[in-house]
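Analysis of the macromolecular model
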Amino acid sequence: MADASVMEQIVSLCKRRGFIYPASEIYGGLNGFWDYGPLGCLLKNNIRDWWWHEMVLCPPLGPDGHPIEMVGLDSAIIQNPKTWVASGHATGFADPMVDDKETKRRMRADHVWVRELAGIDGKRIFVALPVTNFAEAETAFDYWLANGRPPKELQLKLSMSARRYSPPAYNYQDRPLAYTNISEADRLCVHWPEAEALGTLTEPRQFNLMLTTEIGAVDPVKAYLRPETAQGIFLDFKNIIDTTRVKVPFGVAQVGKSFRNEVTPRNFIFRSREFEQMEMEWFCHPDEALKWYEFWKARRMEWWRSLGVAEGNLRLRDHTKEELSHYSKMTVDIEYKYPFTTPDFGELEGIAHRGSFDLTQHQEHSGQKLDYFDQELQLKLKEQGVSPEDIKAKSRYIPNVIEPASGLTRAVLVLLCEAFTPDEARPSKMFLKFKPQFAPIKVGVFPLVNKDGMPEIAEKLYLDLRTQFTAEYDAKQSIGKRYARMDEIGTPFCLTIDGQTIQDRTVTVRDRDAMTQVRVGLDQVKGYLGERL
Ligand code: GAP
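What you are looking at is a predicted structure, and each value in this text was computed from that prediction instead of being measured.

With that settled, the discussion passes to the environment of A76. Of note, A76 is situated in the loop between β3 (69-72) and α3 (82-86). On the basis of relative accessibility, which here comes to 41%, the residue A76 falls in the partly exposed class. For A76 and P492, which are 416 residues apart along the polypeptide, the C-alpha to C-alpha distance reads 38 Å.

What follows is the structure in structure tokens.
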């Protein structure tokens, strides 16, 4: 089952040290919305900048060893509402939802599993398990059997007291079933653990995930907050072709906010209603789509490893036919072993083969031509002696799209989970072992005491270092407490100016991971850090 204690510690650390706060907390918060505090936005920006660097400024070499073409975009969050009709989101972007009539709890129906009990007084009974997949349902049910109460994680999700529920005899042959897959009659026999009565869950019904707003003061028009950044890229496909020198194959990358009215936002920032995505649409010839799909699968895995994510915590998982989004021909997810999914994995990025779905839809709905004339292909076909009719037919086409779509805010969660390292030997009992490149603060600068010329030297050093590294000056509390705080926020190096500095112009450099200290000359500190950061 999930390691709830690790998650609880991470959530509490994020609040205590200024990484992530519940949004509008002074008004009691708002479910599914989070604020990124001073350290959280530094961490998020570091990940965003690395993605932008590796995708737009310095993208990987193509399969032939030559540079590929990639440009960036920052499109509007609110687009003409027709966009979402054409893209299929107005009708197809929905989750099945279910309500418990007694407790008024609302959940995603595909996140409720049931398992049949042998029955009480001859009556059929299914026990409901609010978990996301079959494996979790099995584990949760086994726990229930052994303990007579739901596992701790379910109690947390349900805000239940650890109410004992003595199970009757079980029918061990039965497997957990998805609530969406059982009959209407069986749904009347489902016991929701928080409810007194039987059959209190409603029939599943489709719930559109797009958040709406209104535009204009007179006769306001209903509009949508984008549920994915991708559509802005498709809408600007023609503009980009007409105003830049890119030629198919090429990519357009974008980072920005997306919004989804998630039925059950949960697991901290994993599933929120406002989040950030890093998406790239790769436009290619339909015959080459599979080649590029494999190319981006491999490159994106490499990118996640470059963040310092351990190999064993990442995996690729192909979508089943039933899972595919309405636009997708095939999709593979890059998954991470989160503390709340362990030993299972959860989604981090999806790489989808969107075919020509989006451009075709927007061409039909807008009446604007969104096909591409491939001059290079035309010349090649001419050289091959292909007939003029075939050349004409083949060199104008609607490109296919391969889309690596990842969550920036989910990446923040992954780096926090990956960096969280318990260590009983430290006063802080843990430290965040970020790869230095992503640490929000790279170096802390401390005068040992606030006298004897130490603050003056420390401040001068800090002012010099901060031109190159994100640095923090701290003169409060004991030196041990200052180190402990820096360990908690994952600062790789701390510099202390002490009595010896006055005599020999050296400072101590403390290494976060090894907790060792070396003395380095004041005038060499910048170079020393530069080599290691
Ligand atoms: N354009 C394709 C698309 O949006 P997706 O799989 O729905 O695909 C891509 O989303 C990524 O965005 C996910 O892999 C996840 O990292 C992130 N994401 C999606 N919904 C999210 C949510 N509610 N909260 C946080 N991140 C989310």
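Alright, that's what it looks like, and here's the rest.
Moving on, we get to the site of the ligand. Contacts to the ligand come from 21 residues, most closely from E228, E262, S272, E279 and E347. Taking R260, its side chain carries an N or O atom lying 2.8 Å from an oxygen atom of the ligand. Side-chain polar atom of E279 to a nitrogen atom of the ligand: 2.4 Å apart, as the coordinates give it. The set of elements that each furnish at least two residues to the shell around the ligand consists of β14 (274-284), β17 (346-355) and β20 (400-407). A total of 5 residues in the shell around the ligand trace back to one element, the largest contributor, which is β17.

Attention now goes to helix α14 (residues 408-419). For α14, with 12 residues, the first-to-last C-alpha span of 16 Å sits near the 16 Å given by 1.5 Å per residue. Where burial is concerned, most of α14 is hidden: 12 out of the 12 residues are buried. When we look at burial in α14, the residues that qualify are L408, T409, R410, A411, V412, L413, V414, L415, L416, C417, E418 and A419.

This next bit is on the environment of F420. By secondary structure assignment, the location of F420 is in strand β21 (residues 420-422). Note on F420: relative accessible area 10%, which makes it buried. Distance in space between the C-alpha atoms of F420 and W292 is 35 Å, their sequence separation being 128 residues. Once residues within four sequence positions are removed from consideration, F420 is found in contact with V6, Q9, I10, M430, F431 and L432.

Definitions and cut-offs
- Residues numbered from 1 in each chain as written.
- Predicted model: local features only at pLDDT ≥ 70, side-chain atom pairs only at ≥ 80, totals over all residues.
- Heavy atoms only, no water.
- Helix = DSSP H or I, 4+ residues; strand = E, 2+ residues; numbered from the N terminus.
- Buried < 20%, exposed > 50% of the residue type's maximum accessible area, 1.4 Å probe, protein only.
- Near = heavy atom within 4 Å.
- Polar contact = N/O pair within 3.5 Å; in protein donor to acceptor, adjacent residues only side chain to side chain.
- Expected span 1.5 Å × (residues − 1).
- Contact = heavy atoms within 4.5 Å.

Note that all results are geometric; they support no functional claim without further evidence.
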